[in-house]
Amino acid sequence: MSGTLTPQRYAHILSLWYRAWRPLEHVVATHAPSGTPEAQWPARRSHLAEQDLTYLGYPAPPTDRPLACLPDATGVRWYGLAYVMQGSALGGQVIAAHLQRLLGLQAGLGASFFAVHVPATAERMAGGRSHRPRQDWTTWTQWLDQQLDSQQPSTEEAVSAAIATYDYLYDAFSCEPDPTTGV
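These numbers come from a predicted model, not from an experiment.

**Student:** Whenever I open this one, the nonpolar core confuses me. Can you help?
**Tutor:** Of all hydrophobic cores here, the largest spans 45 residues; its most connected members are Tyr10, Leu14, Tyr79, Phe113 and Phe114. Of all the secondary structure elements, the ones that give two or more residues to this core are helix H1 (7-31), helix H2 (46-56), helix H3 (77-103), helix H5 (133-149) and helix H6 (155-174).

**Student:** Explain the environment of Glu25 to me, please; I cannot follow it from the model alone.
**Tutor:** Looking at the element boundaries, Glu25 is found in helix H1. Considering only alpha carbons, one finds Glu25 and Ala82, 57 residues apart in sequence, at a separation of 9.4 Å. Filtering out sequence-adjacent residues up to four positions away, Glu25 remains in contact with Ala43, Arg44, Arg45, Ser46 and Met85.

**Student:** Where do I start with the side chain of Arg45 in this structure?
**Tutor:** For Arg45, the position within the fold is in the loop between H1 and H2. The contacts of Arg45, once residues within four sequence positions are left out, are Trp21, Glu25, Met85, Ser88, Ala89, Phe113, Phe114 and Val116.

**Student:** For this particular structure, what's the right way to read empty space enclosed by the protein?
**Tutor:** The tally for this structure, following the rule as stated, stands at two cavities of 30 Å³ or more. Here the largest cavity defines a volume of roughly 50 Å³. Residue classes in the lining of the largest cavity are distributed as five nonpolar, no polar and two charged.

Analysis parameters
- Residues numbered from 1 in each chain as written.
- Predicted model: local features only at pLDDT ≥ 70, side-chain atom pairs only at ≥ 80, totals over all residues.
- Heavy atoms only, no water.
- Core = buried A, V, L, I, M, F, W, Y, C linked by side-chain atoms within 4.5 Å.
- Buried < 20%, exposed > 50% of the residue type's maximum accessible area, 1.4 Å probe, protein only.
- Helix = DSSP H or I, 4+ residues; strand = E, 2+ residues; numbered from the N terminus.
- Contact = heavy atoms within 4.5 Å.
- 1 Å grid on protein atoms, 1.4 Å probe; cavity = no way out; pocket = protein on both sides within 12 Å on 5 of 7 lines; lining within 4 Å.
- Points joined across faces, edges and corners; volume = space filled by probe spheres on them.
- Nonpolar A, V, L, I, M, F, W, Y, C, P; charged D, E, K, R; others polar.

Rendered as structure tokens:
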């Protein structure tokens with residue numbers, strides 16, 4: 001959200017998101033509770049980060065080893081991981097707007113990872129409708145509440161997994177210096 005963000009710095013940050021996010025998507029797919037419809041899984045976004053990096057002229061980094069210790073998402077804990085990932089898509093809308101203002105990037109043109117709910121420009125020009133991320137979030141959290149209510153006393157485990165996911169992301173972003181600044 002820095003006002004001095006450069007395309008190079010953004011590419012580095014996006015690389016970290018990609019390296020952190022791709023393993024999380026694997027955990028979501030591996031540990032989804034039986035019968036959970038894929039439509040309720042968090043949006044798959046790592047491929048969008050890869051496309052954004054390509055647009056910016058950077059290769060996608062390897063994801064063969066996680067940047068930090070992945071959260072446990074077995075059983076009810078899956079909902080905590082999914083909560084963080086799903087909520088991130090809503091927060092990404094603020095980042096996408098900032099990238100548009102500062103760097104001229106948008107969905108389909110360098111900011112797809114953060115603008116995950118916004119159709120690409122070509123779709124909008126062809127009359128496509130924007131998703132309504134806040135409504136999607138409300139609908140999704142209502143579904144989540146129903147899942148947790150039916151599995152008492154699961155809320156504490158889901159909250160613990162959400163905290164572990166935030167810790168994972170913090171650790172992932174703390175692990176490598178930025179090659180453009182050395183920090």
